[in-house]
Structures are given as structure tokens and as C-alpha cells.
Amino acid sequence: MTLSLDLKNELQSIAKGRISFDEPMRDHTTIKIGGPADIWFEPLDLEDLKIVTACADRNDIPKHIFGNGSNTLVRDKGIRGMAITLSKFDWINKNEENIVCVGAGVHLQRLLGWSVENSLSGLEELAGIPGTVGGAVIMNAGTKDGSIGDVVKNLKWASKGRVYSAEKGDLEFSYRKLKLPRGAIVFEISLGLKPSDKQEIESKIEKIRHRRKEVQPLLWPSLGSVFKNPASGSKAWGLIDDCNLRGVRVGGARISNEHANWIVNEGNATAKDVEVLIKMVKERVKEKSDVILEPEIVIIGE
Ligand SMILES: Cc1cc2nc3c(=O)[nH]c(=O)nc-3n(C[C@H](O)[C@H](O)[C@H](O)COP(=O)(O)OP(=O)(O)OC[C@H]3O[C@@H](n4cnc5c(N)ncnc54)[C@H](O)[C@@H]3O)c2cc1C
């Protein structure tokens, strides 16, 4: 989208946090793919977020929220509109009842380290997942043994200049999903953690990290699992394996040899390469097993 010089100047004069234009999104995604976002905005605080997003709304600029980009494929021509990251929302505070209040931009692995230091249990299943707490809540990230939604007590989000709050009982978490009103920007999350033995927490985390290293291609840039496991109970990786697709390449993207449900970037992959592989996997699995695989990753952009 073409942004007038006046609009660019207005955005830069009202924003307290960093605003940039034509920001390469490959620098903000774990798979290292993605064309430029017209506008990139890192609000310093809630007021900054409200003021700048109000200006975007007045000018019909679409908005997209970014966490760590570890579940997001940005297409090669990039994002028309404003990409917003809450990296400055990075607080972790605890009250006497061990309710931990976290800014949406805190990285999961930093929070996990903090929970070990404070001998608080409940987040161990998130060991090794490379997202922010905001992104993890939206994706209800986790493993078959537990997801972040299990410990969420309260969420706060901003939308159209107003702030909303919801308690656990009002939140609909499901497999890799949280239902929230369209356009909600989650900025703070409260988690209920339990006091526990520090060494026990550490050893559980170590085991989970070790398990990941054994089966996951962690040396290559990726987005983790590409497809959700179908509701029937079968595993997406098993269905892909039945079609003998490990190692298949399109351009610089490859279906991982170590984990059939991962697509890795071998260095110069484009989003197009990844999308061609996704389409191929869907078609082959449908032909072979009559199952329609649904992507777990979020695909955005032009
Ligand atoms: C190596 C690797 C391993 C992985 N392993 C796992 C795993 O075991 N389990 C698992 O569940 N996932 C896994 N993932 C996927 C990913 O890490 C998780 O989904 C993670 O929670 C995404 O967080 P993020 O901050 O990177 O989100 P992003 O990719 O940045 O965003 C994901 C979605 O959330 C939205 N969003 C992000 N922040 C906000 C916010 N503050 N407010 C509103 N919307 C927001 C975005 O708009 C987007 O729709 C893995 C990924 C990789 C690369």
C-alpha cells in the first residue's frame, strides 16, 4: 500500500516506540522468510499502542500482531499495513497467591527460566517452544501433555482504543486455538502457577528439552509443526510419512528428514516454496488417507 509522506510523518511524530517502513519480515520470523511490512511498530506502552492503532484505524490501515514469528509464514511480497510487536511489554510480576502477571512480549523461555528461579511449576511443557507469551496464548501452545491455556487465569487485551479483561471461565481454549474477538491485541496475561521443588521442575524441563532434540530438526530455521493433528486421533506426521514425503524439496524448502510434519528452510527458501510443499502434502494425504490436513501455522501477507 502506498503511504503518503504526511501519514508517515504523522505516525513517526505520534509514536513513542520504534516505527519503521518496509521492514523485512524475514528478520522477525523463525523460518527466516517474509517480504517487507509497510509499517513496523514497537509500542513502548499501552497508551502508545492505543494512540498509534487509532491513527491506523482512522486511515484504514490493516493491523497484524507479531509475537516471535515462530508460527507465522509471511508471504514473499510482505504485509500491506502495520505489523505490531509487543516486545516492550516485557514485565513478569508475582503476587502472594503465586499469580504471575506477564507482559505479552515476554519470551516463553525467559518466563520458564524465571519460573525455575522462583520454584513455580506449571509451565514445564512449554520447554523449548520459541514464542512469546502473547503468541503462545493465541495459539494455545503446548504438547499432548499440557498447553498454556491450562494455567491462564486472566487475559487483558486492547481493541479499538478500549481495554478488555476476561477470566479463565470466559475464555474458550481448544487445541492450538483461543477464541477472541477479531482484532484483539493481547497485552497482559495472568498465570496460576504452583510452588514446587526447584530441582524437580528443572529436571522435568531438561527431559522435555532432551526429548525435543531427539526428534526435531532444531538446526534448521522452521515454524515447528506445519499441520494440526486431525481430530480422529491420527498424527499428522504419520499421515505424511505414509506418503513417503520426508526429504522432498521445493526450491530452498524441504520436508524435514527428522520430522515429517516440519518444513525447514535450507537457506534461500521463499514463502512460495513452502506453500507449494504445503499444498502437495495436503493433496497426497487426502489421496492416500482421505484426511484433510489443516495448517497449524498462520499464513499472512501478499
Ligand atoms: C522449533 C519450533 C518448535 C515449536 N514447537 C511447538 C510446540 O511444541 N507446541 C506448540 O504449540 N507450538 C510449537 N511451535 C510453534 C510456535 O512456537 C508457537 O505456536 C508459539 O506459541 C507462537 O508464538 P509467537 O510469539 O512466535 O507467535 P507468532 O507466530 O508471532 O503469532 C502467532 C499468532 O498469534 C497472534 N499473536 C501473537 N501475539 C499476539 C498478541 N499479543 N495479541 C494478539 N495476537 C497475537 C499472531 O497474530 C498470529 O496469528 C514451535 C515452533 C518452532 C519454530
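Residues numbered from 1 in each chain as written. Predicted model: local features only at pLDDT ≥ 70, side-chain atom pairs only at ≥ 80, totals over all residues.

Trainee: Now, about the overall build of the protein: what can you tell me, with residues and values included?
Mentor: Along its length, the protein carries seven helices and 21 strands. In terms of overall size, the protein behaves like a compact globule, its C-alpha atoms giving a radius of gyration of 20 Å where 302 residues would be expected to give roughly 19 Å. (Helix = DSSP H or I, 4+ residues; strand = E, 2+ residues; numbered from the N terminus. Rg over C-alpha atoms; globule rule 2.2 N^0.38 Å.)

Trainee: Can you lay out the site of the ligand for me, pointing to particular residues and giving the numbers?
Mentor: Every one of the 32 residues lining the ligand counts as a neighbour, but G67, G131, G134, G135 and G224 are closest to it. Going through the elements one at a time, strand 3 (63-66), helix 4 (133-139), strand 9 (142-143), strand 15 (185-192) and strand 17 (222-225) are the ones with two or more residues in the shell around the ligand. Of the residues in the shell around the ligand, the class split is 15 nonpolar, 16 polar and one charged. (Near = placed C-beta within 6 Å. Nonpolar A, V, L, I, M, F, W, Y, C, P; charged D, E, K, R; others polar.)

Trainee: Give a detailed account of the sheet that holds strand 1 (residues 18-24), specifying residues and quantitative values.
Mentor: Sheet architecture is open: four strands sit in the order 1-2-5-3, paired in mixed fashion. Either end of the sheet is taken by a strand with one partner, and the two such strands are strand 1 and strand 3. Between one strand axis and the next, the sheet turns through 30° on average, direction left out of account. One ladder, built from four bridges, connects strand 3 with strand 5 (residues 79-85); its direction is parallel. Bridge pairing links K63 to M82 in strand 5. (Pairing = 2+ DSSP bridges. Axes fitted to C-alpha atoms, helices over the stretch in contact; angles between N-to-C directions.)

Trainee: So, the sheet that holds strand 17: which residues are in play, and what are the values?
Mentor: Taking strand neighbours across the sheet as the criterion, the four strands line up as 17-20-19-18 in an open arrangement whose pairing is antiparallel. If you trace the sheet from one side to the other, it starts and ends with strand 17 and strand 18 (249-250), each paired once. Two strands pair when backbone bridges link them, and strand 19 (residues 253-255) and strand 20 (residues 262-265) are joined in this way by three bridges, in the antiparallel orientation. Note on strand 20: the bridge partner recorded for R254 is V264. Strand contacts of helix 7 (residues 271-289): strand 18, strand 19 and strand 20, with the helix running at about 25° to strand 19, the strand carrying the most contacts. (Contact = placed C-beta atoms within 7 Å.)

Trainee: Could you give an account of the nonpolar core, with specific residues and numbers?
Mentor: It is characteristic of soluble globular proteins that their nonpolar side chains tend to be buried jointly. Counting 72 residues, the largest nonpolar core has V133, A136, V137, V186, I189 and V274 as the members making the most contacts within it. The greatest single-element share of this core, amounting to six residues, is contributed by helix 7. In contact with V274, other than residues within four places in its own chain, are I33, L73, A253, I263 and A269. (Core = buried A, V, L, I, M, F, W, Y, C linked by C-beta atoms within 7 Å. Buried ≥ 20, exposed ≤ 12 C-beta atoms within 10 Å, placed from the backbone.)

Trainee: So, the environment of A56: which residues are in play, and what are the values?
Mentor: Inspection of the secondary structure assignment puts A56 in helix 2 (residues 46-58). Judged by the 18 C-beta atoms lying within 10 Å of it, A56 is partly exposed. Once the C-alpha coordinates of A56 and L7 are considered, the two residues, 49 residues apart in sequence, prove to be 9.5 Å apart. The contacts of A56, once residues within four sequence positions are left out, are I61, K63 and M82.

Trainee: Please set out unusual backbone geometry residue by residue, giving values where relevant.
Mentor: Residues other than glycine seldom take positive phi values, yet K32 does so here, at roughly 60°. With respect to the helices and strands, K32 occurs in the loop between strand 1 and strand 2 (36-42). The residue N98 is not glycine, and still its phi comes out positive at about 60°. By the element assignment, N98 lies in the loop between strand 6 (92-94) and strand 7 (99-103). A tally of 16 C-beta atoms within 10 Å means that N98 is categorised as partly exposed.

Trainee: Any chance you could break down the packing of helix 1 (residues 5-14) against helix 2 for me, citing the residues and the numbers?
Mentor: Think of two packed helices as two axes; the pair is described by the angle between the axes and how far apart they sit. One can describe the packing of helix 1 onto helix 2 by two numbers: an axis separation of 10 Å at closest approach and a directional angle of 165°. By the criterion of interaxial angle, the relationship of helix 1 to helix 2 is roughly antiparallel. Judged by the sense of rotation from one axis to the other, the crossing of helix 1 with helix 2 is right-handed. Note on element contacts: helix 2 touches helix 1 through I51, V52 and C55, opposite E10, L11 and I14. Within the contact of helix 1 with helix 2, the residues separate by chemical class into five nonpolar, no polar and one charged. (Parallel < 35°, antiparallel > 145°, perpendicular 65-115°, else oblique. Left-handed = near helix turned anticlockwise from the far one by under 90°.)

Trainee: Break down the domain arrangement of the protein for me, citing the residues and quoting the values.
Mentor: Domain assignment breaks the protein into domain 1 (5-85), domain 2 (92-201) and domain 3 (217-300). Averaged C-alpha coordinates put domain 2 and domain 3 at centres separated by 28 Å. (Domains from an automatic or database assignment.)

Trainee: Could you give an account of the pairing of strand 7, naming the residues involved and the relevant values?
Mentor: Regular strands place side chains that alternate from one sheet face to the opposite one. By the bridge criterion, three bridges tie strand 6 to strand 7 in an arrangement that is antiparallel. If you follow I92 over to strand 7, its bridge partner there is V102. Joining the antiparallel neighbours strand 6 and strand 7 is a turn of four residues, in which N98 adopts a positive phi near 60°. Examined bridge by bridge, strand 7 and strand 15 share five bridges and lie antiparallel to one another.

Trainee: How would you explain helix 2 if you had to name every residue and give the values?
Mentor: Its 13 residues place the ends of helix 2 18 Å apart at the C-alpha level, agreeing with the 18 Å of an ideal helix rising 1.5 Å per residue. Every buried residue of helix 2 is listed here: L49, V52 and T53. Burial along helix 2 is one-sided: seen end-on, the buried residues are contained in an arc of 100°. In this structure, helix 2 carries E47 and R58 as exposed residues pointing more than 90 degrees from its buried face. Considering only its buried residues, helix 2 is in contact with helix 1, strand 2, strand 3, strand 11 (152-159) and strand 15. Looking one or two residues beyond helix 2, the residue adopting positive phi is D60, at roughly 55°. (Expected span 1.5 Å × (residues − 1). Arc of directions from axis to C-beta.)

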